[in-house]
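# Survey of secondary and tertiary structure
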Amino acid sequence: MYALISSFFFVCAIASPFPKHEAKPLYWLLAGDSTTAPDGGWGDAFLSTTVASDSSGHNYGHSGATTASFRASGNWTSVTRDINTYKSDYQVFVTIQFGHNDQKNTSGVSLSQYKENLLNFVKETTTAGGHPILVTPLTRRNFQSDGKVAENLATQRNITIEVATYSKTKYIDLNKASETYVNAIGKDAASKYNLAAGDWTHLNEWGGVVFARIVSDLLVEKYPVEFEAHTKANDTLSDIIKAGEPA
Ligand SMILES: *[C@@H]1O[C@H](CO)[C@@H](O)[C@H](O)[C@H]1NC(C)=O
Ligand SMILES: *[C@@H]1O[C@H](CO)[C@@H](O)[C@H](O)[C@H]1NC(C)=O
Ligand SMILES: *[C@@H]1O[C@H](CO)[C@@H](O)[C@H](O)[C@H]1NC(C)=O
Ligand SMILES: *[C@@H]1O[C@H](CO)[C@@H](O)[C@H](O)[C@H]1NC(C)=O
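Residues numbered from 1 in each chain as written. Chains lettered and ligands numbered in written order. Predicted model: local features only at pLDDT ≥ 70, side-chain atom pairs only at ≥ 80, totals over all residues. Heavy atoms only, no water.

Per an unreviewed UniProt entry, the recorded name for the protein is Carbohydrate esterase family 12 protein, and the organism is Periconia macrospinosa.

### Thoughts on the site of ligand 1
Put simply, the test is: Only heavy atoms are used to decide nearness, and a residue is near a molecule or strand if one of them lies within 4 Å of it. By the criterion applied in these results, polar contacts are pairs of N or O atoms within 3.5 Å in which, for protein atoms, one can donate a hydrogen and the other can accept it, and in which residues neighboring in sequence qualify only through two side-chain atoms. Here, Shrake-Rupley sampling with a 1.4 Å probe gives the accessible areas, and only protein chains in the shown set may cover a residue. Gly counts as polar in this scheme, as do all residues outside two lists: the nonpolar Ala, Val, Leu, Ile, Met, Phe, Trp, Tyr, Cys and Pro, and the charged Asp, Glu, Lys and Arg.
In the vicinity of ligand 1, the contacting residues are His-62, Ser-73, Gly-74, Asn-75 and Ser-78. Within the contact set of ligand 1, an oxygen atom lies 3.5 Å away from a side-chain nitrogen or oxygen of His-62. The separation between an oxygen atom of ligand 1 and a polar main-chain atom of Gly-74 is 3.4 Å. Burial of ligand 1 by the protein amounts to 49% of the accessible area it has alone, namely 360 Å². For the shell around ligand 1, the residue count by class is no nonpolar, 5 polar and no charged.

### Overview of helix 7 (residues 174-191)
Cut-off, in case you're wondering: We count a stretch as a helix when DSSP gives it H or I for four or more residues in a row; a strand needs E for two or more, and each element gets its number in order from the N terminus. By this rule, a helix spans an expected 1.5 Å times one less than how many residues it contains. The quantity called bend is, for any residue, the angle between two axes fitted respectively to the seven residues ending at it and the seven beginning at it. Note on exposure labels: buried denotes an accessible area under 20% of the residue type's maximum, exposed denotes more than 50%, and partly exposed covers the range between, all computed with a 1.4 Å probe on protein chains only. Contact between two residues is taken to exist if any of their heavy atoms lie within 4.5 Å; hydrogens are not considered.
The first and last C-alpha atoms of helix 7 sit only 19 Å apart over 18 residues, clearly below the 26 Å expected at 1.5 Å per residue. Where helix 7 bends most, at Ile-185, the angle is about 100 degrees. For helix 7, the set of buried residues is Leu-174, Asn-175, Ser-178, Glu-179, Tyr-181, Val-182, Asn-183, Ile-185, Gly-186, Ala-189 and Ala-190. On its buried side, helix 7 packs onto strand 3 (91-97), strand 4 (131-135), helix 6 (154-167), strand 5 (170-172), helix 8 (205-222) and helix 10 (235-242).

### A word on the side chain of Asn-194
Within the fold, Asn-194 resides in the loop between helix 7 and helix 8. Not counting the four nearest positions on each side in its chain, Asn-194 is found in contact with Arg-141, Asp-199, Trp-200, His-202 and Asn-204.

### As for the site of ligand 4
In the vicinity of ligand 4, the residues found are Trp-206, Asn-234, Thr-236 and Leu-237. The contact in question runs from an oxygen atom of ligand 4 to an N or O atom on the side chain of Asn-234, over 2.4 Å.

### Structural notes on the UniProt feature "domain: SGNH hydrolase-type esterase" (unreviewed entry) in the protein
Selection criterion: UniProt positions are given in the numbering used here, feature names are shortened, and annotations may be inferred rather than shown by experiment.
Per the UniProt record, "domain: SGNH hydrolase-type esterase" (unreviewed entry) is found at residues 32-207. Along residues 32-207 the backbone is 44% helical and 11% strand, and the end-to-end C-alpha distance reaches 17 Å.

### Thoughts on the sheet that holds strand 1 (residues 26-32)
Where we set the bar: The pairing criterion for strands is at least two bridges between them, as found by DSSP. Fitted lines through C-alpha atoms serve as axes, helices being fitted only where they are in contact, and the angles separating the N-to-C directions of these axes extend from 0 to 180 degrees.
The 5 strands lie next to each other as 2-1-3-4-5, forming an open sheet whose pairing is parallel. Every other strand in the sheet has two partners, leaving strand 2 (56-59) and strand 5 as the edge strands with one partner each. Pairs of neighbouring strands in the sheet enclose a mean axial angle of 20 degrees, with direction left out of account. Strand contacts of helix 8: strand 1, strand 4 and strand 5, with the helix running at about 135 degrees to strand 5, the strand carrying the most contacts.

### Details of the pairing of strand 3
This is how it is decided: Handedness rule for crossovers: strands pointing away from the viewer, path from the first strand over the helix to the second running clockwise, crossover right-handed.
The buried count for strand 3 comes to 7 of 7 residues, which makes it a mostly enclosed element. A two-sided burial pattern is seen for strand 3, the buried positions comprising Gln-91, Phe-93, Thr-95 and Gln-97 on one face and Val-92, Val-94 and Ile-96 on the other. Of the strand pairs in this sheet, strand 1 and strand 3 are connected by 7 bridges, and their pairing is parallel. Bridge assignment links Tyr-27 to a residue of strand 3, and that residue is Val-92. Direction of pairing for strand 3 relative to strand 4: parallel, over a ladder of 4 bridges. When the bridges of strand 4 are listed, Thr-95 appears paired with Ile-133. What joins strand 3 to strand 4 is helix 5 (residues 111-128), and the crossover it makes is right-handed.

Written as structure tokens, this is what we have:
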């Protein structure tokens, strides 16, 4: 028996000389609304400018999506299907960022349903063999008369963090980081990221690059072991953002 056990450990030691180092690259699945989606969100720029060449992903962000419609439309099924497709070759991470549409009084999604829906996305990601990351919703850039942006997603931010804490899930506070940055650069500089004149929610192409860098920097700073080796850095851009200067 002793010999059996010791040879078992011997085999493990040979098979895994670096047990703490996960060699697989990353596959990113981005779940969210228009602020993640192509043409208006940070998702495409995240994949094209921050993900290292060993890694890849797919942006499933969808304009108008709530935590309920994302499932009803079949987009969530695509996410779980992709986890299964990619998990043998990659560590699959799923970012989950909702709130802008859930919060509308016409969404049909109550705060308790929003919370439950986020928790179900987390659980189903894990069950499928992926790694969930909750992301608090990107700030809107509507400035008030005091020169600061309106904090109109604080409830959704707090619920997202509550779900992450309760379920012991990784999360990044994009809402706070994006709000801090936008307040630092001010209204005129922030308007340069608008998808169209007067659209203070959606991002143009360069806005996507800037806010994707904020997402990436939050991930790498909070979880360096998981993400640093699989991230394309841009220290110039990161430093400009950290200094609170317009990028
Ligand atoms: C995502 O949802 C939209 C509707 O909101 C739908 O048109 C589209 O086909 C869905 N995409 C996938 C891959 O399920
Ligand atoms: C729903 O929200 C809209 C836009 O924010 C607002 O104009 C409207 O009064 C609200 N309706 C109700 C029933 O709360
Ligand atoms: C959100 O949580 C913060 C503490 O992190 C609290 O100060 C704030 O009042 C909360 N906001 C809302 C709208 O619940
Ligand atoms: C890095 O960021 C700087 C400053 O925003 C930008 O000019 C440059 O094109 C970026 N470099 C790469 C390789 O994306």
